[in-house]
Amino acid sequence: MAKPEIGFIGLGLMGSAMVGRLQDQGYALTVLGNRNRAGVEAAVARGAQEAASAKDVAAASDIVMLCMGTSEQVEGRMRGDDGVIAGLRPGAVVIDFGTSLPGSTRALGAEVADAGGTYLDAPLGRTPSHAKDGKLNIMAAGDKPTYDRVKPVLDDLGENVFHLGPLGSGHTIKLINNFMAMTMANGMAEAFAMADVMGVPRQGLYDVMSAGPLHSGMMDFVKAYAIDGDPTALAFAVKNGLKDVGYYARMAEEAGVDSLMSGAALGAMKASDAAGRGETMVPEQVDFFAERFKG
């Protein structure tokens, strides 16, 4: 069976790695450039076609993939005279790999359906290095027969590919996941900074906490910076964590509930970003808390 033609919008670090993986697997790609052209130029050098607009990407593709930073960016590429929806082929599939608001996802899904296509949300877990090797975690949701149809492509990108329910379920679970991750990371960062204030060794604190039920991968990511000086164990910027927890809080508000626990992580990352630390990695929140405790 011939491989589907794929359009890809959003060639940042993750998107570029995914495009490279798809090219390794023999897919024909049409890509859309952005301000940082490194990923686009690398893809074109390997045979991808560069489109002039999102509409042109859709017109050339059986599957349109988006890997973008915010719901607003996704909506901007999807809608309008030059947007994906305007150029969709009959029966085309659109997959949003970013971390988006579920309400936005469902609204776009209805618009894509009206245009004769199907929309899936499929946010990602793991890193660009995993993407390069086809080892992502993919949290897909939406129409199950459509998911089944595109699953061979998703399997080329991911090691663990889930179907999680109706459209928007993937983005919902991703936001809950990232809320938990950022709450734990900021809690651990403060714990190490509090150890400094109280004059106890960070290593001793870690030894005790990691010997019990609190031990987790997130604890180890923060420890890698707090004790070992390596911020890259969790290569996820504070500004990205702020966006995701902000989306989580907005999702809760739209559902008519008041999230108590998100407030602490959100407040810490807002303050860190305001202090010029938005580009630092989340494990470096240890320094933010340490500086704050010094007054």
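Residues numbered from 1 in each chain as written. Predicted model: local features only at pLDDT ≥ 70, side-chain atom pairs only at ≥ 80, totals over all residues. Heavy atoms only, no water.

Caption draft 1: Structural context of the sheet that holds strand β1 (residues 6-9). If you trace the 6 strands from one edge of the open sheet to the other, you get β3-β2-β1-β4-β5-β6, paired in parallel fashion. At either end of the open sheet lies a strand with only one pairing partner, and these are β3 (49-51) and β6 (118-121). The sheet shows a mean angle of 20 degrees between the axes of neighbouring strands, taken without regard to direction. Pairing of strand β2 (residues 29-32) with β3, which is carried by 3 bridges, proceeds in the parallel orientation. Looking at β3, one finds that T30 is bridged to Q49. In the packing of helix α4 (residues 71-78) onto the sheet, the strands contacted are β1, β2, β4 (63-66), β5 (93-96) and β6, and the crossing angle to β4 comes to about 150 degrees. (Pairing = 2+ DSSP bridges. Helix = DSSP H or I, 4+ residues; strand = E, 2+ residues; numbered from the N terminus. Axes fitted to C-alpha atoms, helices over the stretch in contact; angles between N-to-C directions. Contact = heavy atoms within 4.5 Å.)

Caption draft 2: Focus on helix α6 (residues 102-114). When the terminal C-alpha atoms of α6 are compared, their 19 Å separation across 13 residues agrees well with the 18 Å that a helix rising 1.5 Å per residue should span. Within α6, the full set of buried residues consists of P102, S104, T105, L108, G109 and V112. Take α6 and look down its axis: the buried residues cluster within an arc of 150 degrees, on one side only. Directly after α6, the chain includes G116, whose backbone phi takes a positive value near 95 degrees. (Expected span 1.5 Å × (residues − 1). Buried < 20%, exposed > 50% of the residue type's maximum accessible area, 1.4 Å probe, protein only. Arc of directions from axis to C-beta.)

Caption draft 3: Structural context of the pairing of β1. Neither face of β1 is open: one carries I6 and F8, the other G7 and I9, and all of them are buried. Judged from the 4 bridges that link them, β1 and β2 form a sheet pairing that is parallel. Directly across from I9, in β2, lies its bridge partner L32. You can see the chain leave β1, run along helix α1 (residues 13-24) and come back into β2, and the turn it takes is right-handed. As defined by bridge partners, β1 adjoins β4 across 4 bridges and the pair is classed as parallel. From the neighbouring strand, I6 faces β4, where its bridge partner is I63. (Right-handed = clockwise from strand over helix to strand, strands pointing away.)

Caption draft 4: View of the sheet that holds strand β9 (residues 158-163). The 3 strands lie next to each other as β7-β8-β9, forming an open sheet whose pairing is mixed. Every other strand in the sheet has two partners, leaving β7 (124-125) and β9 as the edge strands with one partner each. Pairing geometry for strand β8 (residues 136-140) and β9, over 5 bridges, is parallel. Bridge pairing in β9 places L136 opposite G158.

Caption draft 5: Molecular detail of the environment of V161. Turning to its location among the elements, V161 is positioned in strand β9. Separated by 21 residues in sequence, V161 and A140 have C-alpha atoms that sit 7.2 Å apart. Sequence-distant contacts of V161, defined by excluding residues within four places in its chain, comprise I138, Y147, L154 and D155.

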